[in-house]
Amino acid sequence: PKPELSKQIEAGVKFNVAEQLTGQLAVYQIERENVRVTDFTDAQFRSVTKGQQRSTGIETDMTWQVTEGLSLLGNYAFTEAEFTDDLAGVPDGNHLPGVPKHSGRFWANYAFQDAMLKGWSTGAGIYAQSSTYLAKDNLYKSESFYTIDADIAYRTKGYKLGISVKNLTDNEYFQRLNYFDTRVMPSQGTTVYFSGSVIF
C-alpha cells in the first residue's frame, strides 16, 4: 500500500504582556491523502490507500499570572474535520467521527507562598466539548459534556507527589469508542489518580 501523507499549513501569533499575561493563537489546515478506505468495488471489500481528508481549525490558549501564587489558564479549539472525497462510502463533506467541533478548558492553580506550606499547590477547573459524530455516515452523535476536575500536589527539587480527581460531580455522559461504528461507552464517573515522579 501507498504510505499515508499529510500536508500542513499553519500560522500563529504569540504574546507576552509584562511577563504576566501570555498566550498564543494559531490557525491551521491539514490535508491527508492515501488514507485507508474500503474498496466497495472489490468482491472481498479489501482496503485501498486512496482516501482524502482535511482538517481546519483554530487553537488558542492564554495564561494569566494573577499573583505570585495564583495562575489562570484557558484554552479553546475549533476543529472542522471532513472527508474530501466519496471513496470512504460517504458523501464528500461528511464530518470525521470522534472529532468535536468545539473543546476547551479553564483551570485555576494556586501555589502556596507561606513558608509552612511551601511546595504545596492545588487547582481546579472545567473541561467541556461539543458532541461528536459516532460514524462516518454522520447519522448519530454522542452528546456534548463537561467535567469538573481538581488536584493537589507537593513538589520539591527532588520529587513530586500528586492526587487528581476527575469528574468531581460524577457527571454522566457517553463517549465514542474508536472501534465498531456507532458504539459508545459510559463515563467513568468520579475517579481518583495518585502520581509520583523523581526529578533529576
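Scroll up to find the structure.
In this report, we go over the structure that sits alongside the text. These figures come from a predicted structure and were not determined experimentally.

If you trace the nine strands from one edge of the open sheet to the other, you get β1-β2-β3-β4-β5-β6-β9-β10-β13, paired in antiparallel fashion. Looking at which strands have only one partner, the edges of the open sheet turn out to be β1 (5-17) and β13 (191-198). Strand-to-strand twist of the sheet, defined as the mean angle between neighbouring strand axes without regard to direction, takes the value 15°. The sheet contact formed by strand β2 (residues 21-38) and strand β3 (residues 47-65) spans 17 bridges and is antiparallel. By the bridge assignment, Val-37 is partnered in β3 with Val-48.

This part covers the nonpolar core. If you look at soluble globular proteins, the nonpolar side chains tend to sit buried side by side. Within the largest apolar cluster, six residues are counted, these being Val-37, Ala-81, Phe-83, Ala-88, Val-90 and Leu-96. Apart from residues lying up to four places away in sequence, Leu-96 is in contact with Gln-53, Ala-81, Glu-82 and Phe-83.

For the rest of this paragraph, the subject is the pairing of β2. Strand direction decides the pairing type here: β1 and β2, joined by 13 bridges, are antiparallel. Residue pairing across strands places Ser-6 opposite Arg-32, the latter belonging to β2.

Moving on: the packing of aromatic side chains. If you walk through the whole model with that rule in mind, you get five aromatic pairs. For the ring pair Trp-120 and Tyr-154, a centre distance of 5.0 Å and an interplane angle of 45° mean the geometry is tilted. One end of the pair, Trp-120, is in strand β6 (residues 120-129); the other, Tyr-154, is in strand β9 (residues 145-155), with 34 residues separating them in the sequence. Assessed through its relative accessible area of 36%, Trp-120 is described here as partly exposed. Judged by its relative accessible area of 24%, Tyr-154 falls in the partly exposed class. Ring geometry for Phe-145 against Tyr-173: centres 4.0 Å apart, planes inclined by 0°, an arrangement best described as stacked. Taken together, the residues Phe-145 in strand β9 and Tyr-173 in the loop between β10 (159-166) and β11 (174-176) connect sequence positions 28 residues apart. According to the relative accessible area criterion, Phe-145 is buried, its value standing at 8%. Each residue in the set Trp-120, Tyr-154 and Tyr-159 is aromatic and connected to the rest through ring pairs, giving one cluster. Lying over the aromatic face of Tyr-133, Lys-141 brings its terminal NZ or CZ to 4.8 Å of the ring centre.

Reading the values: rules and limits
- Residues numbered from 1 in each chain as written.
- Predicted model: local features only at pLDDT ≥ 70, side-chain atom pairs only at ≥ 80, totals over all residues.
- Heavy atoms only, no water.
- Pairing = 2+ DSSP bridges.
- Helix = DSSP H or I, 4+ residues; strand = E, 2+ residues; numbered from the N terminus.
- Axes fitted to C-alpha atoms, helices over the stretch in contact; angles between N-to-C directions.
- Core = buried A, V, L, I, M, F, W, Y, C linked by side-chain atoms within 4.5 Å.
- Buried < 20%, exposed > 50% of the residue type's maximum accessible area, 1.4 Å probe, protein only.
- Contact = heavy atoms within 4.5 Å.
- Phe/Tyr/Trp six-rings, centres within 6.5 Å; stacked < 30°, edge-to-face > 60°.
- Lys NZ or Arg CZ within 6 Å of the ring centre and 35° of its normal.

That is the geometry; function is a separate question.
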